[in-house]
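# Notes for the structure review
Next come the chains, spelled out residue by residue.
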Amino acid sequence: MSSSEAECGASFPELIRRKRDGGQLSKQEIGAFMRGITSGSIQEGQIGAMLMAIWQKGMVAEETVALTQEMMQSGEVLQWPEAWDGLVVDKHSTGGVGDKISLPLAPALAACGVKVPMISGRGLAHTGGTLDKLESIPGFTVTQPVEKIRQILENVGCCIVGQTETLVPADRVMYALRDATSTVDSLPLITGSILSKKGAEGLNALVLDVKFGKAALYKDLDSARGLAQSMVTVGNGMGMRTGAVLSRMDAPIGRMVGNTLEVCEALECLKGRGPDDLEELVKSLGGYLLWMSGRTASSEQGQEALATVLHNGAALQKFEAMLQAQGVSADIAQSLCSSQCDYFLHMKPAEHKSELTAQSDGTVVDIDGMVLAQVLHALGAGRTKAGEPINHSVGAEILVILGQEVKKGEPWLRIHYDWPALNAQQHSDLQAALLVGKADSYHASPRVAEFILPPKM
């Protein structure tokens, strides 16, 4: 029996058997299992068996809290100065199409006086990654040592970085095996993976953007609500004030999809002239964080504060400072953040552009974000396996908005690509992504559908 097994008085096979049969594991037993993962004293097959048992039988809230805490404590947990107590916040999104919210949100929050140590990820399958977007900017460095992160937060108030080797090592092992064992969609394992990394950031408050719709992980509101409620319960159970926003993810967010193009649109948002739905989400998510961290008396006041810094240049100044702190030269950072900038002086444009036109007169009723993402992925914008290179320049500009009247032959989409060019099937798929109908068949819906609040303080 290994030292980890001796700690809890049961062998790993016994723990697997108990969970397989629907039993509940104690915090001590879950801790022993996690230490077995990080020490290498548990076999890969046993980890896979436990993941499958959790997938089949689930976990009660107490087990999921224990799992998440033990995952978090498998590595370094970031510590902050006492003066920052209550001010360290972040957000997490379950992923979508055109989701560049983090880029304007982090500096806007910093401009409102909180600290944002945003640890983000890369794109996989149809969803884009915040780190990939930022790497469209020459010099931007997502890999930062913990001491440098602390320094950037002190001087700027926000950073957007990748996960360090010292944070949540147990999750890296489990995440790879979840893919291999088809247990990726387990609610406790999703919750543990997301919240252990956020907990390791040493957060006081966290808002979750849980998306639902055709271009989201969860296709309907009820299933998205289940994940949101699980994460809100566990996050608050860990002592991290956690709330969730349930947002629609059918049509892409904003009008740009693709890494470089999304950076351009995020900069436009920071200059006070971004698309309405992007600003709505930035204000909604940020407003709840300012309220949860005690900076404002209500989320509505938080939204007003976010709107102010997005339109008076304060958030843009923070973004420029963050760019320089993370490796972008001063002249490029200043140029990108200037009022009138040709962004492609600094970021690589695609070699080719191709426009698609509306096939009939009518009202734009829907734009299928999943179809756009899948075609752009095939053109090189995304990756199928972690570590694969991507083409930052590939993307799409949506030239119409929902509810707009269009005429047959009017351009509605511009594709940016290098090679290969659009083939006939992709062209056909994209044309089918635009739904044009009668004016009375379109009903506008806000992006935010529902809030799940943390328990009262």
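Described in the following lines is the structure provided in the data block. These figures come from a predicted structure and were not determined experimentally.

## A short note on the overall build of the chain
- Helix and strand counts for the chain stand at 18 helices and 13 strands.
- The C-alpha radius of gyration computed for the chain amounts to 22 Å, which stays within 12% of the reference 23 Å derived for 457 residues, consistent with globular compactness.
- On the principal axes, the C-alpha backbone points of the chain span a range of 70 × 50 × 40 Å.
- Taking all 457 residues of the chain together, the buried fraction comes to 56%.
- If you take every contact in the chain between residues at least 6 apart in sequence, the share linking residues at least 24 apart comes to 78%.
- Of the roughly 18300 Å² that the chain leaves accessible, carbon and sulfur atoms contribute 51%.

## What to know about the pattern of salt bridges
- Scanning the entire structure with this criterion turns up 27 salt bridges.
- Close ionic contact of Glu 29 with Arg 18 constitutes a salt bridge, the shortest N to O distance being 2.7 Å. Within this pair, whereas Glu 29 is found in helix H3 (residues 27-39), its partner Arg 18 is found in helix H2 (residues 12-20), the two being separated by eleven residues in sequence.
- A relative accessible area of 31% places Arg 18 in the partly exposed class.
- Salt-bridge contacts for Lys 211 lead to Asp 99; the nearest nitrogen and oxygen are separated by 4.0 Å. With a gap of 112 residues between them, Lys 211 in strand E4 (residues 205-212) and Asp 99 in the loop between strand E1 (89-93) and helix H6 (102-111) connect regions that are remote in the sequence. Comparing Lys 211 with Asp 99, the two get one shared label, buried.
- What emerges from the salt-bridge pattern is a single network uniting Arg 122, Asp 132, Glu 135 and Arg 383.

## Re the sheet that holds strand E10 (residues 405-406)
- Taken in spatial order, the three strands make up an open sheet running E10-E8-E12, and their pairing is antiparallel. Lying at the two open borders of the sheet, with one neighbouring strand each, are E10 and strand E12 (434-437).
- Pairing between strand E8 (residues 362-367) and E10: two bridges, direction antiparallel. Across the sheet, residue Thr 363 finds its bridge partner in E10, namely Glu 405.
- Across the sheet, helix H18 (residues 424-433) lies against E8 and E12, angled at about 40° from E12, the strand it touches most.

## Overview of the sheet that holds strand E11 (residues 411-417)
- Read across the sheet, four strands follow the order E6-E9-E11-E7 without closing on themselves; strand pairing throughout is antiparallel. Each end of this open sheet is capped by a strand with a single partner; those strands are strand E6 (256-257) and strand E7 (352-357).
- The pairing of E7 with E11 spans six bridges and is classified as antiparallel. By the bridge assignment, Ser 354 is partnered in E11 with Ile 415.
- Taken strand by strand, H18 contacts E7 and E11, and its axis lies near 140° from that of E11.

## Concerning the packing of aromatic side chains
- Scanning the model with the defined rule gives four aromatic pairs in all.
- Here Phe 12 and Phe 33 contribute two aromatic rings whose centre-to-centre distance is 5.6 Å and whose plane-to-plane angle is 80°, an arrangement assigned as edge-to-face. Of this pair, Phe 12 sits in helix H2 while Phe 33 is found in helix H3, placing the two residues 21 residues apart along the sequence. We note that Phe 12, like Phe 33, is buried.
- For the ring pair Tyr 288 and Trp 291, a centre distance of 5.8 Å and an interplane angle of 90° mean the geometry is edge-to-face. Residue Tyr 288 and its partner Trp 291 are located together in helix H13 (residues 276-292), separated by three residues, close to a single helical turn.
- Above the plane of the ring of Trp 291 lies Arg 241, whose end atom (NZ or CZ) is 5.3 Å from the centre.

Parameters at a glance
- Every residue gets a number counted from 1 within its own chain, in the order that chain's sequence is written.
- Only residues with pLDDT of at least 70 are given local features in this predicted model, and only at 80 or more are side-chain atom pairs given and counted; all residues enter the totals for whole chains, interfaces and linings.
- No hydrogens and no water enter the side-chain calculation; it runs on all heavy atoms of the structure.
- Put simply, DSSP H or I for four residues or longer makes a helix, DSSP E for two residues or longer makes a strand, and each gets a number counted from the N terminus.
- Note that the radius of gyration is over C-alpha atoms, with the globule rule given as 2.2 Å times the number of residues to the power 0.38.
- Here's how the labels work: a residue is buried when its accessible area is under 20% of the maximum for its type, exposed when over 50%, partly exposed in between, all with a 1.4 Å probe on protein chains only.
- By definition in these notes, contact holds between two residues if any of their heavy atoms fall within 4.5 Å.
- Accessibility throughout is a Shrake-Rupley quantity obtained with a 1.4 Å probe, and a residue counts as covered only by protein chains that appear here.
- Criterion for a salt bridge: a side-chain nitrogen of Lys or Arg within 4 Å of a carboxyl oxygen of Asp or Glu.
- Strands are treated as partners if at least two bridges between them are detected by DSSP.
- To get an axis, a line is fitted to the C-alpha atoms, and for a helix only the part in contact is used. The angle between two axes follows their N-to-C directions and goes from 0 to 180 degrees.
- Ring pairs are drawn from Phe, Tyr and Trp, using the six-membered ring of Trp, whenever the two centres fall within 6.5 Å, and their geometry is named by plane angle: stacked under 30 degrees, edge-to-face over 60, tilted for the rest.
- Remark: a charge is flagged as sitting over a ring if the NZ atom of Lys or the CZ atom of Arg is within 6 Å of the ring centre and within 35 degrees of the ring normal.

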